[in-house]
Amino acid sequence: MLLMNFLQRTNNGMALFALVDGAYYNEDRLKQLDALVRERRPRSYVTSVNSLQDILHDIAAGR
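Below: a short report on this structure. Worth saying up front: this structure is predicted, and the values here are computed from it rather than measured.

**As for the pattern of salt bridges**
- Evaluation of the coordinates by the stated rule reveals 3 salt bridges.
- Across the pair Glu27 and Lys31 runs a salt bridge whose closest N-O atoms are separated by 3.4 Å. Within this pair, Glu27 and its partner Lys31 are both found in helix H2 (residues 27-34), separated by 4 residues, close to a single helical turn.
- A relative accessible area of 57% places Glu27 in the exposed class.

Listed below in C-alpha cells is the structure:
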C-alpha cells in the first residue's frame with residue numbers, strides 16, 4: 001500500500017497526499033487510512049479534495 005511504503009521514506013523534500021472522496025470512504029475506512037499517516041517529515045496526508053486547500057495553506061504558513 002502506498003501510505004505504508006511512504007512511512008519508510010527518508011527524503012524530506014516530498015509529501016504525499018491521498019485524496020479520498022465518496023461514499024466508499026466511510027468513517028471506518030478513514031480511520032484505517034489515518035493510522036498510516038506520517039506525522040513527521042516527509043509528511044503524508046489523507047484528506048478530501050474539499051479540505052486540501054486548508055492543508056496547503058497550513059503548509060505554506062509553516063505549520
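Anyway, onward from the coordinates.
**Examining the layout of surface pockets**
- Approximately 220 Å³ is the volume attributed to the largest pocket.
- If you trace the largest pocket, you find it lined by Asn12, Gly13, Met14, Ala15, Phe17, Arg41, Pro42, Arg43, Tyr45, Ile59, Gly62 and Arg63.
- The class makeup of the residues in the lining of the largest pocket is 6 nonpolar, 3 polar and 3 charged.

**What to know about helix H3 (residues 49-60)**
- Between its first and last C-alpha, H3 extends 17 Å over 12 residues, near the 16 Å set by a 1.5 Å rise per residue.
- After H3 finishes, the residue Gly62 shows a positive phi value of roughly 85 degrees.

Conventions adopted
Residues numbered from 1 in each chain as written. Predicted model: local features only at pLDDT ≥ 70, side-chain atom pairs only at ≥ 80, totals over all residues. Heavy atoms only, no water. Salt bridge = Lys/Arg side-chain N within 4 Å of Asp/Glu carboxyl O. Helix = DSSP H or I, 4+ residues; strand = E, 2+ residues; numbered from the N terminus. Buried < 20%, exposed > 50% of the residue type's maximum accessible area, 1.4 Å probe, protein only. 1 Å grid on protein atoms, 1.4 Å probe; cavity = no way out; pocket = protein on both sides within 12 Å on 5 of 7 lines; lining within 4 Å. Points joined across faces, edges and corners; volume = space filled by probe spheres on them. Nonpolar A, V, L, I, M, F, W, Y, C, P; charged D, E, K, R; others polar. Expected span 1.5 Å × (residues − 1).

Treat this as a map of the structure, not an account of what it does.
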